[in-house]
Structures are given as structure tokens and as C-alpha cells.
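Working through the structure, step by step
Spelled out, the chains give:
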Amino acid sequence: MRLRTTLALLAGALLVLPACGQFDGVHDDFLAQGGENPGLGGGDGTSADDASSGADGTDASGDGGGSGGDNTGDGGGGGGGGNDNGNAGNGDTTGVTADTITIGIHAPLTGAAPLKQASFETGKDLYWQYGNGGKPVVIHGRTVETVFADDQYRPSTARQVCQTMAEEQQAFALIGAGGTDQIQACAQYAASEDVPYLSTGVTETGMGSLDTYFAASMTYKQQTPMLTDYIKNELGVTDASKVAAVVTNTPNFDDAVEGFTGAFDGVDVFRPDKNERGSSAAGNLCTGTAKNYDVVFVLTSPTFYLEMAAASGCRPQFVGVGVSMGLDQVASTGCSAAGSTEGARFFNPTPAFADAGEYDPDFLAAVDAAGIEADDVTWMMWGQSKVLHQMLEKAGEALDRGAFMDAVAGQKFSTGVFPDLNYAGGPFGATQVSVLRNVCDGGGHYETDHAFVNGF
Amino acid sequence: MGAFLALGLFQGAVYGLLAVGIVLVYKAKRVFNFAQGEFGGVAAFTAYAIVVGTGLPYWAGVLGGLAAAVATGLIVERAIVRPLESSSRTIMLVALVGVALFTIAIIVLVGQPIPRVMPPLVDGGGVNILGAGILPQQLILMAVLAVLAAAMAWFFKTDLGLAVLASSQDTRAAQVVGISPIAVSRLVWGMAALLGGIAGLLYAPVGIFTPGFMTLTMLVPAFAAAVLGGMTSLPGAFIGGLAIGVVQNLGIYYLGQQLKVPGAAELGVFALLMLVLLIRPQGLLGGAN
């Protein structure tokens, strides 16, 4: 009896603990924040039409060109204002030597939304080693080295690895490659230590007030009104009763839900917990093989989405925003589950990997030069590195963290891989998305339906 | 609501199948087998590698997967369980948790932590049951669960099953009458691994599987099912599994979606577990100690 009671209590505790949420304390500090990042300088600049100036100067006098120059190939964005005194350095040159700049990257290689380790191993250095016509990228005489850490899809781990990269491995700036909660946790740490932080756009909750944060693509809140226009105008579904949203029940997705329901009043919203199975959610979407909804907006972990799609025998049209859903691995897995994700459309920072050569031939040249097998993760990291390159270029030769942030805030950047960026209004500077379509022919992958659009 | 009920039943079938394996080991060895889920993981990944990776026929994948699961069970029995036979149950429990984590790590190392889909045993569209589209694979799963639970219950009435029970109650006395404790231990762990392997093979084509999928998502509900059923009752584990699946999904529907209660699935199961144990401490079909 005593043994059974002990076992019952143990089983009960194990059942209850997951319900408490696995991301303790991450959101609490952020929820009441928000606000706008006023930027650290500049802000009045205007875009330069000529993107070829190369920006070799050491200060931002306000009318510099983009960062294109010799290394980036396809020109940079316009020069922003900058301040009259040049980039205001703060003397923090952590990670910067006479010859190198060290960058830290975190992403989930394990956990609920894992990305392929091999892709990161080959992709993290591809741009920096081969992005200059097959040679290493040189920024004001320095090359770039990277360090990488698996955040295990856990915010607490993300914060820890970011701290390790910034403080022990001397990373000058940090990049978040995916995972909303992890990006938020690392961005919070980075802001507390004045470490520049760049990620793909995720939630805006608590991110707007972080002085060192810059989103390299549109946030969920920015994308969801566009998504409703896409559903209405491109997919032709205007009846709200035919549209549902399945969004994981985390405060970091609340802004996405508000954006979606605000623009599409009357849609049904389901908020499954993180520990729920995707197959259970299918009970809402179908009655047998009959559709309850024509279009389903998904913002969950990829495994949840794939389970839900596989269990939804009625095959609704899935749409969504973000990064991880747009990975070919997700498309491939969904296709192997009886084609359950075929035709799904997701907004993405970049055009599809299948079309990479069309948008940046330098990428394929670099892949050839490196002799690696590239994929969409590599492509995404290429684009993000290219954005960072332009930022570092603009920060000038006398690089420190203060100068970097001063050079980025209020400025414009253009890479042709990630959306055009304009940080004049704060850290959420992107205004474009690409739309990817899940195609199951040929093994399951995404193709580009629209590239760099800002409305439908 | 009907769809959630049906989905819960079929999800509960997997819990039940795992729970039957857990009860088998507990009944025979008085050990809480936290490695039970990974027998299924090993079977699923091995079968996937054979069927999808090498293109061999499905039956070869099934046989290979089950063989890998049983081999894992026997290795665990020889390398972990038998040396710790005289240790406390806590040490044994921690060691088996370690086995599960180690196995997951090996699968991650070999197979990469990416989601996969196993082709189903039987193709075909879903059948509408209470509004849920239930796949043929899930119907097979339910049938196999019922057959195995009945077979296991019958097993403990045979001479061999009685020998297992005798060995668990008094090893020395069992030895005196010619029952080898080592042979019994091998038999029990081999059978438990086989049951886990069958659960993994039947579940993998239903959903998406990643390394650790059985342990991380199935094991805790399976333990709850075993406790609910009475911990020593194989039919109880079967019924407990179905009950847990149904309550989880009805919890999602009523508590989560209607009342917006977070953690609804776990809350429902916890409430059920506490309620049953308060009213009937020995579990649904367990005998009073």
C-alpha cells in the first residue's frame, strides 16, 4: 500500500509538473514592457540610391552608402543619418581584435523544434569564409569567426549559452537563428550586458524596449495582418467561420493572435498547451474527413504542426508565419505523412532554398567553393550573416559595441536574401515577407510563391 | 466532443500497450521500468532505418525493430538490472531512468534529432468514428492491445507465468523447486522489451516520431495508466491506458477549450488518478495487499 501511494504521488507529480510550463520566469519580466526603441543615434538619414560605396569610413557622417562593396556583391541599403560625431563608441571591444571579429550563434539542435546539426556546422561559417567571391569576407581588415551553441529549445539554456558565448568565448555580437522563447531569453540577456543581438523577427512582447536588439525579418505581429490579407485576397476565403487559428498557448504568441483576430474578426482560435499532442488538435479541424475550416493558421512547434496535419484527414489549407515551419525538413516530413502538408503556405524571411540561385547566385558559388551540401538552414544563415555583415561594415573600422549599435539604429540595409530593413522606427525594421508553398513532388520541399512582398 | 473521445481512446491504446509492459516487469520483478518507452523508440528507429533507409520490405523492418528492442531489453537485463538486483529500488529506478536517457542520446547521435514518419502497416484513408478520422493503423493498434493484454493475463496462469510469479515472491524458494532466477529475469525483460517494441512500431506510423518520443510523451501517461489499473493487473493496465487517453482529450476539450484552463490534459489525468486512488487505493483491477 505504501509503495503504491508513493508511486501514485510520483506519477501525479510527473503529470502536474509539465502543466506548470517548462519556461519558468522567462515571460514575466517582459509582459509589462513593450514600448519603442528610440535608437541610439542617427535616425534622420535617407536612403542612398547608390549602394556601391563600400562604406570604408570609420564614422557615420550621415550619408554613407550601403555596405555592398567588394564583399557583399549585390549592394547594400541606403546610408542612414548617423550622428554628427560619427559612431559613438563605448570602448567595449569584446570579441574584436586587429584581425578578427567573433560572432556567437544559438539555435535548437535538440528539443521540440530541432534543426539539423550538420546544417549549422556547414552553414555558420559559409558566408564568412566564402562570401567574398569564394574567399573570406573582410570587414575593415578583419575576418569573422563564429562560435555556436545548442539552446536545446529551452529559454533557460538559451540564456546560459548566450552568456557563455558573450563572456567566455568573447563573442562581439549574438545571433538567434530560431525559437521565439529562446530568442527572447537571449535578447534579454544581451540587452542587460549591452551585447548586440540580431535574430529573425518573432514576438514583439518585451522586445521593443531592448536597446541592443534588432529583428532581421518581420515580427509575428507585423506578419499576421498581412496573413489575413493573404487568406482573403490570395486564397479567396473571406468567411471568418471558415478560418481557424491554432496557436500555442504562450504569452509570446499573444501579439500574433491579436494581430490575426484584429484583422480577421470572428475566426475560431485554439490555444493548445505546449505539452499537448498535435493529433488531439485535429479533433477541432475535421469531422471525419469533412473540413470544419477551409484555412488553418498555425503557430506551434513544427512537431505539433506535423502531428496535427497528419491526423487531420480532411486536409485543410495550412498557413502560417515564422521561420521553422518554412524549413524543408518540415515540408519533407509532412509530405511523407501521406502528403498531409501539401500546399501549405508559410511566410518566411527568405525565398525558398530551391530558388536561392535566382536571388543570390553568390550563395551557390560559395557552396561550390566550400564543397558542402547546402540546405535551407544554410541559406537562412547565409542571409542573416549578410545582414550582419552590412551592419558591421557600417559600424566602421573603430569597431566596438557602442559604435555598432549607433551605426545600426535608424539605418537601412538591403541584402536581397533577407527583407529590406529600416530601423528608423525601432528594432522591428522589416516590411517584407516571402511566401513559400509546400510541394510534395520530389521529396517534399518549399518553393517560392511570392518574394519580398509587403502586401496582398 | 465525440471526436475528442475517439481520439482519446486510440491515443490511450498506446498508453495501454506501454502500461502492460510496465506492469509485466513490476509484477515479475517489483521494478519500475522507466526504460520501457525506449524499447519502443529503438524498435521504431531500427524499423525506419530498415524500411525507409535501405528499402527492404516492411516485414523485415518489423522483425528487425522487434529484434533490436528485445536485444536492448536483454542487454539492459544483463548489464544493469542483474548487477543491481540486490540494490534498493531507488537505485534500480534511477539506473533505469539513466538507461532511457542513454538510449535517447544514442538515437540522437545516430539518427539526428529530426522528425520522421514511418510508413503505415496498412494504407488507406481514415474511418469516421464519432467524428474523428481514425486511420487503419490505429484500429490495428487497438486490436493488438486487446489481444496482448489478454495474452499476458493468460500467461500468468500458465506454468511459466506461475514460475515468474514464484520467482518474484521468493527467489530462493523458487530456485529450490528448479526455477532459474536468471532465466526468469531474461524472460521478463525480453517480453517487456517486445511489448515496448510493438508499441513503438504501431505508434510510429500514426504520428511523427523523434528521438525520445516514447519516453517524453508516452511514458508518464503509461505509468499513470499502470497505477490506475492497479499496478499488478494487466487488464487493468489496458483499461487504465484507455481511460487516461480519454480523460486527457476530454480535459483538452472541456477544461482547455471551453473553460480556458491551462494544462488541461494533465490536470484531468491528475484528477482522475487522485479520485480513483482515494476511492479504490489498490487501483481499478488491483488486488488488495
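Everything numeric here is computed off the predicted structure, so don't read it as measured data.

Calculation rules
Residues numbered from 1 in each chain as written. Chains lettered and ligands numbered in written order. Predicted model: local features only at pLDDT ≥ 70, side-chain atom pairs only at ≥ 80, totals over all residues. Heavy atoms only, no water. Helix = DSSP H or I, 4+ residues; strand = E, 2+ residues; numbered from the N terminus. Buried < 20%, exposed > 50% of the residue type's maximum accessible area, 1.4 Å probe, protein only. Contact = heavy atoms within 4.5 Å. Areas by Shrake-Rupley, 256 points an atom, 1.4 Å probe, with all protein chains shown as cover. Expected span 1.5 Å × (residues − 1). Pairing = 2+ DSSP bridges. Axes fitted to C-alpha atoms, helices over the stretch in contact; angles between N-to-C directions. Buried area = accessible area lost by both parts, 1.4 Å probe. Salt bridge = Lys/Arg side-chain N within 4 Å of Asp/Glu carboxyl O. Polar contact = N/O pair within 3.5 Å; in protein donor to acceptor, adjacent residues only side chain to side chain. UniProt positions renumbered as here; feature names shortened; annotations may be inferred. Parallel < 35°, antiparallel > 145°, perpendicular 65-115°, else oblique. Left-handed = near helix turned anticlockwise from the far one by under 90°. Disulfide = S-S within 2.5 Å. Core = buried A, V, L, I, M, F, W, Y, C linked by side-chain atoms within 4.5 Å. Domains from an automatic or database assignment.

Each helix and strand in chain B was counted, giving 11 helices and two strands. What you see in chain B, going N to C, is helices and strands ordered as α-α-α-α-β-β-α-α-α-α-α-α-α. Expressed as a percentage of the 289 residues in chain B, the buried residues total 59%. A fraction of 75% describes how many contacts in chain B between residues 6 or more apart in sequence connect residues 24 or more apart. Summing over all exposed atoms, chain B offers an accessible surface of approximately 11200 Å²; the carbon and sulfur share of this is 71%.

It is worth spelling out the overall build of chain A at this point. Across its full length, chain A carries 16 helices and 16 strands. For chain A, buried positions account for 61% of its 456 residues. Counting contacts in chain A only where the partners sit at least 6 residues apart, residues at least 24 apart contribute 69% of the total.

To continue, consider helix α4 (residues 89–111) of chain B. With 23 residues, α4 of chain B ought to run about 33 Å at 1.5 Å a step, and its terminal C-alpha atoms sit 32 Å apart, in line with that. After α4 of chain B finishes, the residue Gln 112 of chain B shows a positive phi value of roughly 65°.

Moving on, we get to the side chain of Arg 82 of chain B. Relative to the assigned elements, Arg 82 of chain B resides in the loop between α3 (58–81) and α4. What makes Arg 82 of chain B buried here is its relative accessible area of 19%.

Residues and elements named next belong to chain A. The sheet built from seven strands is open, its strands ordered β7-β6-β10-β11-β12-β15-β16 with mixed pairing. The sheet terminates laterally at β7 (268–270) and β16 (445–453), the two strands that pair on one side only. The sheet shows a mean angle of 25° between the axes of neighbouring strands, taken without regard to direction. Here strand β6 (residues 243–247) pairs with β7 via three bridges, running parallel. Within β7, the position partnered with Ala 245 by the bridge is Val 269.

Right, let's get into the environment of Leu 5 of chain B. All names here are of chain B. Looking at where Leu 5 falls in the secondary structure, it is placed in helix α1 (residues 2–29). Separated by 125 residues in sequence, Leu 5 and Leu 130 place their C-alpha atoms 7.7 Å apart. If sequence neighbours within four positions are ignored, Leu 5 has contacts with Leu 130, Val 246 and Leu 250.

The subject of this paragraph is the interface of chain B and chain A. One widely used convention gives an interface's size as the accessible area the parts lose upon coming together. Contact residues are listed per partner, giving 46 residues for chain B and 39 residues for chain A. Summed over both sides, the interface between chain B and chain A buries roughly 3700 Å², with carbon and sulfur atoms accounting for 66% of that surface. When the buried surface of chain B facing chain A is broken down by residue, Pro 115, Ile 208 and Glu 266 of chain B rank first, second and third, together holding 15% of it. Connecting chain B to chain A are zero salt bridges. Viewed at the interface, chain A and chain B are joined by seven residue pairs in polar contact (both at pLDDT 80 or more). Those elements that place two or more of their residues in the side of chain B that touches chain A are α1, β2 (132–134), α9 (213–229), α10 (234–258) and α11 (264–279) of chain B.

Residues and elements named next belong to chain A. Of note, the phi angle at Arg 315 is positive, near 55°, even though the residue is not glycine. Positionally, Arg 315 belongs in the loop between α11 (302–311) and β11 (317–320). Despite not being glycine, Ala 338 shows a phi value in the positive range, around 55°. Inspection of the secondary structure puts Ala 338 in the loop between α12 (328–336) and β12 (345–348). Looking at Ala 338, the relative accessible area reads 65%, which means it is exposed.

Residues and elements named next belong to chain B. The feature "transmembrane region" (unreviewed entry), as annotated in UniProt, sits at residues 6–26, 38–56, 62–81, 93–114, 134–156, 176–202 and 261–279 in this numbering. With 100% helix and 0% strand, residues 6–26 has end C-alpha atoms that lie 30 Å from one another. Helix makes up 85% of residues 176–202 and strand 0%. Its end C-alpha atoms lie 41 Å apart.

What follows is about the pattern of salt bridges. Within the structure shown, the criterion is met by 10 salt bridges over all chains. A salt bridge links Lys 386 of chain A to Asp 360 of chain A; its shortest N-O distance comes to 2.6 Å. Placement of Lys 386 of chain A in helix α15 (residues 376–395) and of Asp 360 of chain A in the loop between α13 (356–359) and α14 (361–370) is noted, with a sequence separation of 26 residues between them. The residue Glu 77 of chain B makes a salt bridge to Arg 82 of chain B at a minimum N-O spacing of 3.1 Å. We classify Glu 77 of chain B as buried; its relative accessible area is 1%. Beyond isolated ion pairs, a larger network of salt bridges with shared partners links Arg 345, Arg 437 and Asp 449 of chain A.

Let's shift gears to the packing of helix α10 (residues 278–285) of chain A against α1 of chain B. The N-to-C vectors of α10 of chain A and α1 of chain B enclose an angle of 155°; their axes lie 9 Å apart at closest approach. Comparing their axes, α1 of chain B and α10 of chain A come out roughly antiparallel. Relative to α1 of chain B, α10 of chain A is oriented so that their crossing is right-handed. Touching Ser 279, Ser 280, Gly 283 and Asn 284 of chain A of α10 of chain A are Ala 3, Phe 4, Leu 7 and Gln 11 of chain B, all from α1 of chain B.

All names here are of chain A. Counting across every chain of the model gives three disulfides over all chains. A sulfur-sulfur distance of 1.9 Å marks the disulfide that ties Cys 162 to Cys 186. Between Cys 162 and Cys 186 the sulfur-sulfur dihedral comes to about -110°; the bridge is accordingly left-handed. With Cys 162 in helix α6 (residues 155–168) and Cys 186 in helix α7 (residues 180–192), the pair connects residues that are 24 residues apart, well separated along the chain. Of the two residues, Cys 162 and Cys 186, neither departs from the other in class, the shared state being buried. Disulfide pairing is shown between Cys 286 and Cys 314; the S-S distance is 1.9 Å. Disulfide Cys 286 to Cys 314: torsion about the S-S bond roughly -60°, handedness left-handed. Residue Cys 286 is found in strand β8 (residues 286–287), and its partner Cys 314 is found in the loop between α11 and β11; the two are separated by 28 residues along the sequence. Accessibility expressed as a relative area gives 5% for Cys 286, which makes it buried. For chain A, the disulfide bridges join cysteines in the arrangement 1-2, 3-4, 5-6, where the cysteines are counted in sequence order.

Residue and element names in this part refer to chain B. Within the secondary structure, Val 23 sits in helix α1. Spatially, the C-alpha atoms of Val 23 and Ala 226 are 6.3 Å apart, while their sequence positions differ by 203 residues. When sequence neighbours within four positions are dropped, the list of residues in contact with Val 23 reads Ala 226, Met 231, Thr 232, Ser 233, Leu 234 and Ala 237.

Next up on the list: the nonpolar core. Membership of the largest hydrophobic core comes to 125 residues, with the highest contact counts inside it found for Leu 174, Tyr 213, Tyr 305, Met 391, Leu 392 and Phe 404 of chain A. With 10 residues, α15 of chain A is the single largest residue contributor to this core. Built from parts of two domains, this core gets at least three residues from each of domain 1 (72–218 + 356–431) and domain 2 (221–353 + 435–453) of chain A. Leave out the neighbours within four places in its chain, and Tyr 305 of chain A touches Val 298, Thr 300, Phe 318, Met 325, Val 330, Thr 341, Ala 344 and Phe 346 of chain A. Counting residues in each nonpolar core, the second largest holds 93 residues, with Phe 34, Phe 45, Val 188 and Leu 201 of chain B among its members.

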